[in-house]
Amino acid sequence: MQQHLKHPIFKILAETAEQTKTEIYVIGGFVRDLYLERPSKDIDIVVLGNGIEFAEKVGQKLKSNVAIFKSFGTAMLKYHDLEIEFVGARKESYRSNSRKPIVENGTLQDDQLRRDFTINALAISLNKQNYGEVIDPFEGLADLQNKTIRTPLDPIITFSDDPLRMMRAIRFATQLHFNIDQAAIEAISSQKERIHIVSKERITDELNKIILAPKPSIGFNYLFDTGLLKLIFPQMANLYGVEIINGRGHKDNFYHTLQVLDNICQTSEDLWLRWAAILHDIAKPATKRYEEGHGWTFHGHEDKGARMVPQIFAQLKLPLNDKMKFVQKLVLLHLRPIVLAQEKITDSAVRRLLFEAGEEIESLMLLCNADVTTKNEYKLKKYRNNFELVKQKLKDVEERDQLRNWQPPITGNDIMQTFGLAAGKEVGILKNAIREAILEGDITNNYEEAFTFMLQKAKELGLEPVTS
Ligand code: CTP
């Protein structure tokens, strides 16, 4: 591995180690990522001794500031684009955000043993006698080769040291496309309740990393099968299952949602669009009904789903800001393009969709496309063709009518001034009538046509313009 420690920082660290007679190792994610050829800017250094003191020595040499986190017993410094963290070798569990006292003065092996996974416990020596040697007491290299997430200790102990590691196991399996070792899966299933001692923010951080992976369904299947999902995000686990009445079943909305999520990941990296995919059918269990002679229906699930979004965001400590509004809008409108594609596509329906979706129209079209999961080749082809038509129509209407970010050509103020009205019911009626006429295509989206139309409409209400 020596040839991989190319960065000049490693020489500087090794020199400092030599001068101060301290043993140090690169450890953790950086080493793992070296082997996986994933670029990494975070370097963790484990120091056999006092991590903070050693960091200060390096800081003096590099003339850089050292940030010290006394309660964690760690220190950090930045060097060009790298973040280097120093920690004394520990005998006790290694974990971030720990409130337990830190027990330093462990051996390298003590420290490695208390880390989460064998692939994260690999260390490379920065010491003169064996510079560049990989120290791998738990066959982490073999696990990298076999694509396995395994704990160095009995997984029950590793997970009880920090239950967030159950989420981390699933997150790494998803990001790296690895399998989780059977004993670890069983330990997650049996220890899952312990996740409750972990903060919601940390859980959601891991969840978002799963969602941002190329194929998030890997992680959600693990979360579901181990029972963790039901604890951390019950609404999603609730999508699982098929009910059968009179021999008729509906599709399993959990696996459908995973398919939609994986589909959207092929076309977008956007976390919030991915959340919209996760939540698009979230209200299906709550709106499910069996109608005689008709079969299963989920009337209004888009509306109810949109209303569920703020509560789910709050529960998961996701931001309650415009990102949430974006997800809400997409959940609300997710059926619209597909309904359009199934019917005769009229200009006015397209105009309405553009008007309601506004800036989000492209994201909505991506979501809708991802929502087509039929295995029936004929249906799939039909959908796709109609969908292309909708897209073309959207483009035409948009170019012609410019309805995205629509501002009414006549404002409420204009109306009040023209007819000498105070704010009130009539102003609303006229404004709505103008908007409807534009969306229906009765008039064009410009001031003159809207003004003439307004005068006519006002007359029907018995209103005359005031002469100035
Ligand atoms: N670690 C651990 N248990 C935790 C968190 C971290 O044992 N709950 C150890 C692992 O050895 C890990 C290292 O601390 O490799 C650094 O943790 P972190 O920066 O969170 O993760 P990385 O492995 O670097 O991966 P990523 O940057 O993708 O989170």
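Residues numbered from 1 in each chain as written. Predicted model: local features only at pLDDT ≥ 70, side-chain atom pairs only at ≥ 80, totals over all residues. Heavy atoms only, no water.

Trainee: An account of the overall build of the protein is needed here, citing residue identities and associated values.
Mentor: For the protein, the helix and strand inventory stands at 24 helices and 13 strands. Its C-alpha atoms give the protein a radius of gyration of 30 Å, more than 25% over the compact-globule value 23 Å for 468 residues. Principal axes of the C-alpha set define a box for the protein whose edges measure 95 × 65 × 35 Å. Counting the 468 residues in the protein, one finds 50% classified as buried. When contacts within the protein are restricted to residue pairs at least 6 apart in sequence, long-range pairs at least 24 apart make up 66% of them. (Helix = DSSP H or I, 4+ residues; strand = E, 2+ residues; numbered from the N terminus. Rg over C-alpha atoms; globule rule 2.2 N^0.38 Å. Buried < 20%, exposed > 50% of the residue type's maximum accessible area, 1.4 Å probe, protein only. Contact = heavy atoms within 4.5 Å.)

Trainee: How would you sum up the sheet that holds strand E5 (residues 82-88)? Please name residues and give values.
Mentor: With respect to topology, seven strands assemble into an open sheet ordered E3-E4-E5-E2-E1-E6-E7, the strand pairing being mixed. Unpaired on one side and paired on the other, strand E3 (66-69) and strand E7 (134-135) mark the two borders of the sheet. Where E3 and strand E4 (residues 74-79) come together, four bridges link them in antiparallel fashion. Within the sheet, the bridge partner assigned to Phe69 lies in E4 and is Thr74. Contacts from helix H2 (residues 29-36) reach strand E1 (23-27), strand E2 (42-48), strand E6 (123-125) and E7 within the one sheet, and its direction differs from that of E1 by about 55 degrees. Packing of helix H3 (residues 51-62) onto the sheet brings it into contact with E1, E2, E3, E4 and E5, and relative to E4 it is tilted by some 20 degrees. (Pairing = 2+ DSSP bridges. Axes fitted to C-alpha atoms, helices over the stretch in contact; angles between N-to-C directions.)

Trainee: Account for the state of the cysteines, with residues named and values stated.
Mentor: Summed over all chains, the structure comprises zero disulfides. Free of any disulfide, Cys265 has its nearest cysteine sulfur in Cys368, 17 Å distant. For Cys368, a relative accessible area of 2% translates into the label buried. (Disulfide = S-S within 2.5 Å.)

Trainee: Go over helix H9 (residues 200-211), please, and point to the residues and values.
Mentor: Between its terminal C-alpha atoms H9 stretches 16 Å, which fits the 16 Å expected from twelve residues at 1.5 Å a residue. In this structure, the buried residues of H9 make contact with helix H7 (164-176), helix H10 (217-226), helix H11 (228-232), helix H13 (253-267) and helix H14 (271-279). (Expected span 1.5 Å × (residues − 1).)

Trainee: Lay out the nonpolar core in plain terms, naming residues and giving numbers.
Mentor: Residues Phe220, Trp275 and Leu279 are the most contacted members of the largest nonpolar core, which totals 134 residues. Leaving out residues up to four positions away in the same chain, Trp275 has contacts with Leu207, Asn208, Ile211, Phe233, Leu316, Leu318 and Val327. Formed by seven residues, the second largest nonpolar core is a distinct cluster that contains Val46, Ala89, Leu108 and Ala123. (Core = buried A, V, L, I, M, F, W, Y, C linked by side-chain atoms within 4.5 Å.)

Trainee: I'd like a rundown of the site of the ligand, residues and numbers included.
Mentor: Among the 14 residues in the neighbourhood of the ligand, the closest are listed as Arg32, Asp116, Asp162, Arg165 and Arg171. Taking Arg32, its side chain carries an N or O atom lying 2.8 Å from an oxygen atom of the ligand. Between the ligand and Asn120, the relevant distance is 3.0 Å, taken from an oxygen atom to a main-chain nitrogen or oxygen of the residue. Burial of the ligand by the surrounding chains reaches 82%, relative to a free accessible area of 570 Å². (Near = heavy atom within 4 Å. Polar contact = N/O pair within 3.5 Å; in protein donor to acceptor, adjacent residues only side chain to side chain. Areas by Shrake-Rupley, 256 points an atom, 1.4 Å probe, with all protein chains shown as cover.)

Trainee: Residues and numbers for the side chain of Asn253, please.
Mentor: When you line up the elements, Asn253 lands in helix H13. Setting aside residues up to four positions removed in sequence, Asn253 forms contacts with Leu239, Asp281, Lys284 and Phe298.

Trainee: So, the packing of helix H22 (residues 412-419) against helix H23 (residues 425-440): which residues are in play, and what are the values?
Mentor: The N-to-C vectors of H22 and H23 enclose an angle of 120 degrees; their axes lie 10 Å apart at closest approach. Taken as axis vectors, H22 and H23 run oblique relative to one another. Note that H22 runs across H23; the crossing there is right-handed. Counting all contacts with H22, which are made through Gly412, Ile415, Met416 and Phe419, the residues of H23 involved are Val427, Leu430 and Lys431. Tallied by class, the residues present in the contact of H22 with H23 amount to five nonpolar, one polar and one charged. (Parallel < 35°, antiparallel > 145°, perpendicular 65-115°, else oblique. Left-handed = near helix turned anticlockwise from the far one by under 90°. Nonpolar A, V, L, I, M, F, W, Y, C, P; charged D, E, K, R; others polar.)

Trainee: Can you tell me about the packing of helix H19 (residues 347-357) against helix H21 (residues 377-401), naming the residues and giving the values?
Mentor: For the pair H19 and H21, interaxial distance at closest approach is 10 Å and the crossing angle is 75 degrees. By the angle between their axes, H19 is roughly perpendicular relative to H21. Side by side, H19 and H21 meet where Asp347, Val350, Arg351 and Leu354 of the first sit next to Lys393, Leu394, Val397, Glu398, Arg400 and Asp401 of the second. A class-by-class count of the residues in the contact of H19 with H21 yields four nonpolar, no polar and six charged.

Trainee: Explain unusual backbone geometry residue by residue, including any values.
Mentor: Even without being glycine, Glu37 reaches a positive phi, approximately 55 degrees. By the element assignment, Glu37 lies in the loop between H2 and E2. Exposure remark for Glu37: the relative accessible area of 71% places this residue in the exposed category. Of note, the phi angle at Lys317 is positive, near 60 degrees, even though the residue is not glycine. Position of Lys317 relative to the elements: it lies in the loop between helix H16 (301-315) and helix H17 (322-333). Classification of Lys317 as partly exposed rests on a relative accessible area of 47%.

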